[in-house]
Amino acid sequence: MAKETRNVLLILLANIIGGGLLISLFDSIPIIEGQYLAFITSLTVGYGDLSPETWPARIVSICIGINGLLLTGIVVAMAIKAVELSFSEEDPNILRHLDVEDQTTAPQSSSDE
């Protein structure tokens with residue numbers, strides 16, 4: 001599973017880098033600015049200091065944004081799975097031990113009233 005995930009991440013990163021090159025080509029801006037715009041768009045930050053000017057660059061930018069959402073979703077899913085696996089390897093009942101109230105130490109209600 002890790003190999004497939006790595007391949008998907010590499011494909012998404014390659015799409016973002018390639019998209020940055022296309023933006024720099026379509027908008028006639030330096031390559032470094034096209035890459036900057038692609039990564040800022042893929043992270044859905046969008047500072048607003050650069051924006052695509054031509055329609056082809058705008059379409060590429062939309063694709064980069066979608067790729068960025070997919071990339072972020074995959075990375076978050078991988079992080080959650082890693083935490084889940086680390087908990088299950090340490091103690092399969094760890095979540096039960098983390099209860100806020102322990103049933104054995106809860107105060108007993110008095111029936112003298």
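Residues numbered from 1 in each chain as written. Predicted model: local features only at pLDDT ≥ 70, side-chain atom pairs only at ≥ 80, totals over all residues. Heavy atoms only, no water.

1. Remarks on the pattern of salt bridges
Applying the stated criterion across every chain, the model contains 1 salt bridge. For K81, the salt bridge identified is with E84, shortest N-O distance 3.4 Å. Taken together, the positions of K81 and E84, both in helix α3 (residues 55-90) and 3 residues apart, correspond to about one turn of that helix. On the basis of relative accessible area, K81 is assigned to the partly exposed category, the value being 38%. (Salt bridge = Lys/Arg side-chain N within 4 Å of Asp/Glu carboxyl O. Helix = DSSP H or I, 4+ residues; strand = E, 2+ residues; numbered from the N terminus. Buried < 20%, exposed > 50% of the residue type's maximum accessible area, 1.4 Å probe, protein only.)

2. Comments concerning the side chain of N67
With respect to the secondary-structure elements, N67 resides in helix α3. Note on N67: relative accessible area 13%, which makes it buried. Contacts of N67, omitting those with residues within four sequence positions, involve L12, N15 and I16. (Contact = heavy atoms within 4.5 Å.)

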